[in-house]
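Structural characterization, general
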Amino acid sequence: MKLVVVQVLLIAVVFVVAARLFRSRGARAQAIRRLGVIAFVAFAVVSILFPDVWTRIAQDFFGVGRGTDLVLYSLVVAFLSFTVTTYLRFRDLETRYTRLARRIALSESPRPSGTDENPPS
């Protein structure tokens, strides 16, 4: 009985997280995010309802002793991927902000004396 209550609570949390992730901006990013969320929900529900499936998959296909180890290895790879993409995104944003700041600084800087904005024709 306790296992069923825990499973229901875990599945409810998975759906709450999924609903939160569906709120995004940009059509392409939203489509990719939705596919990822659907895969996450499917993975989570299968993991919660049938935890032994991952042990069989781990042993039969990957030669790993336990399903929890396989899930841990997968999470490590996912975390590293997330870290690298986040780093690259922030580096790109820093470069954009630097260029924008330079452009604003140049456009707002005073013009050197002796130059006319509207030269005579």
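See above for the structure.
Anyway, here's the lowdown on the structure attached to this text. Note that the coordinates shown come from a computational prediction; the quantities given were computed from them, not determined experimentally. (Residues numbered from 1 in each chain as written. Predicted model: local features only at pLDDT ≥ 70, side-chain atom pairs only at ≥ 80, totals over all residues. Heavy atoms only, no water.)

1. Let's talk about the overall build of the protein
Cut-off, in case you're wondering: Labels follow the DSSP assignment, with helices taken as runs of H or I lasting at least four residues and strands as runs of E lasting at least two, numbered in each case from the N terminus. In this description, contact between two residues means that some pair of their heavy atoms is separated by no more than 4.5 Å. Every accessible area reported is derived by Shrake-Rupley at a probe size of 1.4 Å, with residue values counting cover from the shown protein chains alone.
If you tally the helices and strands in the protein, you get four helices and zero strands. Mapped in sequence order, the helices and strands of the protein form the string α-α-α-α. Taking the intrachain contacts of the protein between residues at least 6 apart in sequence as the baseline, contacts between residues at least 24 apart amount to 31%. Here the protein has roughly 10600 Å² of accessible surface; of this, 66% comes from carbon and sulfur atoms.

2. Examining the packing of aromatic side chains
Any aromatic ring pair is given by two values, namely how distant the centres are and how the planes are angled relative to each other. How we decide: Only Phe, Tyr and Trp rings are paired, with Trp represented by its six-membered ring, and only when their centres lie within 6.5 Å; those with planes under 30 degrees apart are stacked, over 60 edge-to-face, the remainder tilted.
Enumeration according to the criterion identifies one aromatic pair in this entry. On the basis of an interplanar angle of 50° and a centroid distance of 5.0 Å, the ring pair of Phe43 and Trp54 is categorised as tilted. A residue pair is termed long-range when its members are at least 10 positions apart, and Phe43 in helix α2 (residues 27-49) and Trp54 in helix α3 (residues 51-62) qualify at 11 residues.

3. Re the layout of surface pockets
Where empty space is left becomes clear once a probe the size of a water molecule has been rolled over the atoms. The cut-off we apply is this: Here a cavity is any set of points on a 1 Å grid over the protein atoms alone where a 1.4 Å probe fits but cannot get out, and a pocket is any open set with protein on both sides within 12 Å along at least 5 of 7 lines; a residue lines the site when it has an atom within 4 Å of a point. Grid points are joined across faces, edges and corners, and a volume is the space filled by probe spheres set on the points. Throughout this entry, Asp, Glu, Lys and Arg are counted as charged residues, while Ala, Val, Leu, Ile, Met, Phe, Trp, Tyr, Cys and Pro are counted as nonpolar. The remaining residues, Gly among them, count as polar.
Of the pockets and cavities examined, the largest pocket occupies roughly 430 Å³. In terms of lining, the largest pocket is formed by 15 residues, of which the most central are Phe40, Phe43, Val71, Leu75 and Ala78. Within the residue set of the lining of the largest pocket, elements represented by two or more residues are α1 (2-21), α2 and α4 (67-108). The biggest single contributor to the lining of the largest pocket is α4, with seven residues. Per-class residue counts for the lining of the largest pocket are 13 nonpolar, two polar and no charged.

4. Brief notes about the nonpolar core
Note the threshold: To define a nonpolar core, start from buried Ala, Val, Leu, Ile, Met, Phe, Trp, Tyr and Cys residues and group those joined through side-chain atoms within 4.5 Å. We call a residue buried when its accessible area falls under 20% of the maximum for its residue type, exposed when it is over 50%, and partly exposed in between, using a 1.4 Å probe and counting protein chains only.
Counting residues in hydrophobic clusters, the biggest one holds eight residues: Ile11, Val14, Ala18, Val37, Val41, Ala44, Val45 and Ile48. Sorting the residues of this core by element identifies α1 and α2 as the ones contributing at least two each. In terms of residue count, the dominant contributor to this core is α2 (five residues).

5. Digging into the pattern of salt bridges
Pairs can form between side chains of opposite charge whenever their charged atoms are close. Heads up, the rule is: Here, a salt bridge means any Lys or Arg side-chain nitrogen found within 4 Å of an Asp or Glu carboxyl oxygen.
Counted under the stated rule, the structure contains two salt bridges. When the shortest N-O distance is used, the salt bridge between Asp69 and Arg66 registers 3.0 Å. Asp92 serves as the salt-bridge partner of Arg96, at 3.9 Å between the closest nitrogen and oxygen. On the criterion of helical spacing, the pair formed by Arg96 and Asp92 is a turn pair, its members being four residues apart in helix α4. Using a relative accessible area of 53% as the deciding quantity, one classes Arg96 as exposed.

6. Some thoughts on α3
Owing to its 3.6 residues per turn, the α-helix aligns residues three or four sequence positions apart on the same side. To keep things clear, this is the line we draw: Each residue after the first adds 1.5 Å to the expected span of a helix.
Compared with an ideal rise of 1.5 Å per residue, which puts 12 residues at 16 Å, α3 spans 16 Å between its outermost C-alpha atoms and is within 8% of the ideal. The first or second residue beyond α3 is Gly63, which carries a positive phi of 70°.

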